[in-house]
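Each chain, written out:
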Amino acid sequence: MSTEAKRAPVQKRKEKPASSDGQENVAPTDDGNGPTTEKDPEMGTVIEKESAPANIAGTTPELRRDLLHSMLLQRRFEERCAEAYALGKIGGFCHLYIGQEAISTGVMSMIRPDDYVITAYRDHAQALARGVSPRAIMAELFGRDTGCSGGKGGSMHIFDAHTNFLGGHGIVGSHVPIAAGVGFAIKYRRGNQVCICFFGEAAVNIGAFHEALNMASLWDLPVIFIMENNRYGMGTAISRSTANEDAIVRANGYRMEGETVDGQDVFAVRECMARAIERARKEKRPTLIEMKTYRYMGHSMSDAVSGTYRTKDELEENMKRDPILLLHNKMFEAGELTEGEMHKLDDEAKAIAQDAWDYADSSPEPPLEKLHTDIYTDTTS
Ligand SMILES: Cc1ncc(C[n+]2csc(CCOP(=O)(O)OP(=O)(O)O)c2C)c(N)n1
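Residues numbered from 1 in each chain as written. Predicted model: local features only at pLDDT ≥ 70, side-chain atom pairs only at ≥ 80, totals over all residues.

K.L.:
Can you walk me through the site of the ligand in this structure?
P.N.:
Taken together, 14 residues are adjacent to the ligand, and Val 172, Gly 200, Ala 202, Ala 203 and Gly 233 come closest. Residue assignment for the shell around the ligand shows that the elements contributing at least two residues are strand 4 (195-200) and strand 6 (232-233). Among the residues forming the shell around the ligand, the class breakdown is seven nonpolar, five polar and two charged. (Near = placed C-beta within 6 Å. Helix = DSSP H or I, 4+ residues; strand = E, 2+ residues; numbered from the N terminus. Nonpolar A, V, L, I, M, F, W, Y, C, P; charged D, E, K, R; others polar.)

Below you can see the structure in the form of structure tokens.
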């Protein structure tokens, strides 16, 4: 794996980045807090900085720190997954999410504990962002009895009933109709939860996707369909697989609201989610959102990072808009994060990933008698 990809979140920014919409990244504060001078404990120098604005896109400094911590945890956890895979501790397929963390983080930060989440096989980071135990995820990846699916699901089948995380599905597009079913169950029970359904851009060419969107719109189901457009389905660019790349026409085709958003910007993701959640909870209407993103690693751990269907230059160009780096820069500019604090958060994330590894590594494999359990639901209980 590329060392640059690993180190991206702690790189220090040199130039002020332009935000996706060309606006200033940090909204001016009107809370009366003017610039202050302060001693940087890391550098020992006196620096002038703005007080942390109370509000960037509706977030508090505390929430921004939580978002950053969540993204760092996902990144560091998955770097350890890559390492464990190379060492043969993780078997089967293993698809990493590195580069896409603003989506998982932004989405999960907007939903309630009683909402539902369903996803495809690129699922570890999304489960972490949802609050599934890092130990239980790593143990699942290691195929251990203590894993969240009893060690029998593996990387593509992370499942956790406590957080309403309904998997982890390996067949492209197969879970999209299940999301519609969850939406139907919510409505049938007169609940006001929402169901979040993640899938890649290649899944929108699968028939089941169209059937699910049609039913969700026809029956007014509270489902938010999130297409993570990382531009490639395995090694096939979207331009080579999809006749009409405009995702919104698919929403329009089913009389559904559709939106495209910058998936590298956690604030943009949150704002877009706020609209979709309101629509789902209040009007029971579904939404299709295209979140534009980029994956840094190969399609799965067995694929090359670059050099086959995409160039190293393209990869490096896209890594300049690293979601962690973008959030870090905004917080740094707002004067609410020092490099020392960033390193501390990063070290915490690494420690959690290490703890998960140790737990998984010391856990037993599932006993042989569990080979035939968890195949059919026990409908009697
Ligand atoms: C129905 C089906 N066809 C083919 C495959 C093989 N396959 C696995 S992943 C994948 C690409 C899917 O890409 P996308 O939906 O964009 O998600 P991403 O991997 O980019 O997250 C394909 C074709 C599969 N798992 N299921």
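K.L.:
What should I look at first to understand helix 3 (residues 101-108) in this one?
P.N.:
Residues three or four positions apart in an α-helix share a direction because the helix packs 3.6 residues into each turn. Of all eight residues that make up helix 3, eight are buried, and the element is covered over most of its length. Among all positions of helix 3, only Glu 101, Ala 102, Ile 103, Ser 104, Thr 105, Gly 106, Val 107 and Met 108 are buried. (Buried ≥ 20, exposed ≤ 12 C-beta atoms within 10 Å, placed from the backbone.)

K.L.:
Even after reading the chapter, I still don't get the pairing of strand 5 (residues 223-229), so can you show me in this structure?
P.N.:
Sheet faces and side chains relate simply in a regular strand, where the side chains alternate between the two faces. Judged by how many residues are buried, strand 5 sits mostly within the fold: seven of seven residues are covered. Of the two faces of strand 5, the one holding Val 223, Phe 225, Met 227 and Asn 229 and the one holding Ile 224, Ile 226 and Glu 228 are both buried throughout. Note: strand 4 against strand 5, six bridges, orientation parallel. Bridge pairing in strand 5 places Ile 196 opposite Ile 224. In this fold, the crossover linking strand 4 to strand 5 by way of helix 7 (residues 207-218) has right-handed handedness. (Pairing = 2+ DSSP bridges. Right-handed = clockwise from strand over helix to strand, strands pointing away.)

K.L.:
What is the right way to look at the sheet that holds strand 4 in this model?
P.N.:
Strand pairing in a sheet relies on backbone hydrogen bonds. The paired strands run either parallel or antiparallel. Strand order in the open sheet formed by five strands is 3-4-5-9-8, and the pairing between neighbours is parallel. The sheet terminates laterally at strand 3 (116-118) and strand 8 (257-262), the two strands that pair on one side only. Neighbour-to-neighbour, the strand axes of the sheet open up by a mean angle of 20°, direction not taken into account. Pairing between strand 3 and strand 4: three bridges, direction parallel. For Val 117, the partnering residue across the bridge sits in strand 4 and is Ile 196. Running over the sheet, helix 6 (residues 176-188) touches strand 3, strand 4 and strand 5 and is turned about 170° from strand 4. (Axes fitted to C-alpha atoms, helices over the stretch in contact; angles between N-to-C directions. Contact = placed C-beta atoms within 7 Å.)

K.L.:
Help me understand the confidence of the model for the protein, please; the structure alone is not making it clear to me.
P.N.:
Regions with low pLDDT should not have their predicted coordinates read in detail. When pLDDT is averaged along the protein, the result is 88, and 85% of the positions lie at 70 or above. Below pLDDT 50 for its whole length, residues 1-50 participates in 69 contacts with residues either more than four positions away or in separate chains. (pLDDT = per-residue confidence, 0-100.)

K.L.:
Please explain the packing of helix 5 (residues 134-141) against helix 13 (residues 339-362) as it appears in this structure.
P.N.:
A packed helix pair is summarised by two numbers, namely the angle formed by the two axes and the spacing between the axes. As a packed pair, helix 5 and helix 13 sit with axes 8 Å apart at the nearest point and diverge in direction by 50°. Taken together, helix 5 and helix 13 sit at an angle that is classed as oblique. Relative to helix 13, helix 5 is oriented so that their crossing is right-handed. Two secondary-structure elements touch here, helix 5 through Pro 134, Arg 135, Ile 137, Met 138, Ala 139 and Leu 141 and helix 13 through Ile 352, Ala 353, Asp 355, Ala 356, Trp 357, Tyr 359 and Ala 360. Of the residues contributing to the contact of helix 5 with helix 13, the split by class is 11 nonpolar, no polar and two charged. (Parallel < 35°, antiparallel > 145°, perpendicular 65-115°, else oblique. Left-handed = near helix turned anticlockwise from the far one by under 90°.)

K.L.:
Looking at this structure, I do not really get the environment of Ser 306. What am I missing?
P.N.:
Take Ser 306: it is sitting in the loop between strand 9 (287-292) and helix 11 (312-319). Accessibility expressed as a C-beta count within 10 Å gives 16 for Ser 306, which makes it partly exposed. Distance in space between the C-alpha atoms of Ser 306 and Tyr 296 is 8.9 Å, their sequence separation being 10 residues. Those residues in contact with Ser 306 that sit more than four places away from it in its chain are Thr 311, Lys 312 and Leu 315.

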